[in-house]
Amino acid sequence: MYTLLFSLLAALLALTAAQCPSPWSGNTGDACFQISDFPATFSQCQQHCESQGGSLATIKNAQEDAYVRNLVTTERAVWIGLFESGEQDESGIWEWVDGAESTWRHWQPGEPNEWCTDEDCGLLAPGLWDGWVDASCTIPNWARCLCRKGSFAGAAYRRDRPRLDTRHNQLRTELIQ
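The residue count restarts for each chain, going from 1 along the sequence in the order it is written. Totals for whole chains, interfaces and linings use every residue, but because this is a predicted model, local features are given only for residues with pLDDT of at least 70 and side-chain atom pairs only at 80 or more, for both listing and counting. The basis for the side-chain values is all heavy atoms of the structure; hydrogens and waters are excluded.

A. Region of the structure containing the nonpolar core. Within the largest apolar cluster, 25 residues are counted, with the highest numbers of intra-cluster contacts made by Phe42, Trp79, Phe83, Leu123, Tyr157 and Leu164. Note on contacts: a residue pair qualifies if any of its non-hydrogen atoms lie within 4.5 Å across the two residues. Non-local contacts of Phe83, meaning those with residues more than four positions away in its chain, are made with Phe42, Ile93, Trp94, Glu95, Trp96, Val97, Asp120, Cys121, Ala156, Tyr157, Asp160 and Leu164. In this description, a nonpolar core means a group of buried Ala, Val, Leu, Ile, Met, Phe, Trp, Tyr and Cys residues linked to one another through side-chain atoms lying within 4.5 Å. To sort residues, take the accessible area from a 1.4 Å probe on protein chains only and compare it with the maximum for the residue type: under 20% means buried, over 50% means exposed, and anything in between is partly exposed. Within the second largest apolar cluster, 16 residues are counted, among which are Ala31, Val78, Ile80 and Trp132.

B. Focus on unusual backbone geometry. Going from Ser22 to Pro23, the amide bond is cis rather than trans, its omega being 10°. Assignment of secondary structure puts Pro23 in the loop between helix H1 (2–18) and strand S1 (25–28). The phi angle at Asn141 is positive, at roughly 60°, despite the residue not being glycine. Helix and strand labels come from DSSP, where a helix needs a run of H or I of at least four residues and a strand needs a run of E of at least two; each type is numbered from the N terminus. Locating Asn141 in the fold gives a position in the loop between strand S7 (133–136) and strand S8 (144–149).

C. Summary view of helix H2 (residues 42–51). Within H2, the full set of buried residues consists of Phe42, Ser43, Cys45, Gln46, His48 and Cys49. Positioned one or two residues after H2, Gly53 has a phi angle of 90°, which is positive.

D. A look at helix H3 (residues 62–71). Among the residues of H3, those classed as buried are Glu64, Asp65, Val68 and Arg69. Buried positions in H3, seen along its axis, are confined to an arc of 135° and lie on one side of it. Of the exposed residues in H3, the ones pointing more than 90 degrees away from its buried face are Gln63 and Asn70. Summarising the contacts, the buried residues of H3 are in contact with strand S2 (31–39), strand S6 (119–124) and S8. Side-chain atoms alone can form a polar contact between residues adjacent in sequence; in general such a contact is a pair of N or O atoms within 3.5 Å, and within protein one must be able to donate a hydrogen while the other accepts it. With a side-chain oxygen positioned 3.1 Å from the backbone nitrogen of Gln63, the residue opening H3 is Asn61. Directions pointing from the helix axis toward each C-beta atom define the arc.

E. The side chain of Glu64, seen in detail. Structurally, Glu64 is set in helix H3. A relative accessible area of 10% means that Glu64 is categorised as buried. A distance of 2.7 Å separates the side chain of Glu64 from the side chain of Arg148, its partner in a polar contact. Once residues within four sequence positions are removed from consideration, Glu64 is found in contact with Ala31, Phe33, Thr58, Ile59 and Arg148.

F. View of the packing of aromatic side chains. To pair, rings of Phe, Tyr and Trp, with the six-membered ring standing in for Trp, must have centres within 6.5 Å; the planes then decide the type, stacked if under 30 degrees apart, edge-to-face if over 60, and tilted in the middle. Under the criterion given, the structure shown has eight aromatic pairs. Here Trp94 and Trp107 contribute two aromatic rings whose centre-to-centre distance is 4.9 Å and whose plane-to-plane angle is 75°, an arrangement assigned as edge-to-face. Of this pair, Trp94 sits in strand S5 (residues 93–96) while Trp107 sits in the loop between S5 and S6; the two residues are 13 residues apart in sequence, bridging distant segments of the chain. Trp107 shares its class with Trp94; the two are buried.

G. How the structure looks around the pairing of S8. Sheet topology note: the S2/S8 ladder contains four bridges and is antiparallel. Across the sheet, the residue bridging to Pro39 is Arg144, located in S8. Two strands pair if DSSP finds at least two bridges between them. Where strand S3 (residues 54–56) lies against S8, three bridges are found, and the strand directions are antiparallel. Across the sheet, the residue bridging to Ser55 is Arg148, located in S8.

H. Fine view of the environment of Gln46. Structurally, the position occupied by Gln46 is in helix H2. For the pair formed by Gln46 and Cys145, sequence separation is 99 residues and the distance between their alpha carbons is 7.7 Å. In this structure, Gln46 is in contact with Gly54, Ser55, Leu56, Val97, Ala153 and Tyr157, ignoring residues within four places of it in sequence. One polar contact links the side chain of Gln46 to the main-chain amide nitrogen of Leu56, over a distance of 2.8 Å.

As far as function goes, none of this settles anything; it's purely spatial.
Given below as structure tokens:
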């Protein structure tokens with residue numbers, strides 16, 4: 001009797017520990033996600049995620065990608081924590097904001113492509129594309145923030161953040177002149 005009761009209690013505690021706390025969504029404690037209720041630039045989103053105890057989301061595999069796609073409605077686009085790193089422009093090296101080693105990617109065919117201006121940040125928009133796309137990091141008032149609980153900005157993002165914040169604005173100024 002005590003063994004059965006102890007087993008049930010242990011299973012309940014394990015199940016509770018694996019759940020994400022409100023307002024986070026997810027099915028394991030390692031993969032808890034939250035979408036902001038406002039649009040912002042990539043860097044503003046990272047700041048928001050940090051204030052919530054996380055970072056822009058690292059998506060580690062196809063299962064997580066499918067899960068977050070279900071969280072994002074077709075009317076929304078969200079920044080994910082993927083950015084083109086390096087001091088050299090157009091390095092072609094894409095890293096996660098939190099420095100995660102995951103190499104899994106779900107790019108839209110033909111992406112990343114630097115199609116318009118300097119597109120150095122990753123975007124997920126299930127209503128528009130099946131895969132991820134690269135976009136200018138400083139697009140205001142369009143994409144929301146997809147945060148992942150418990151991860152924080154890594155060294156490469158901290159190094160490259162000033163470039164990600166300013167490059168689009170520099171290009172726009174050059175085009176106007």
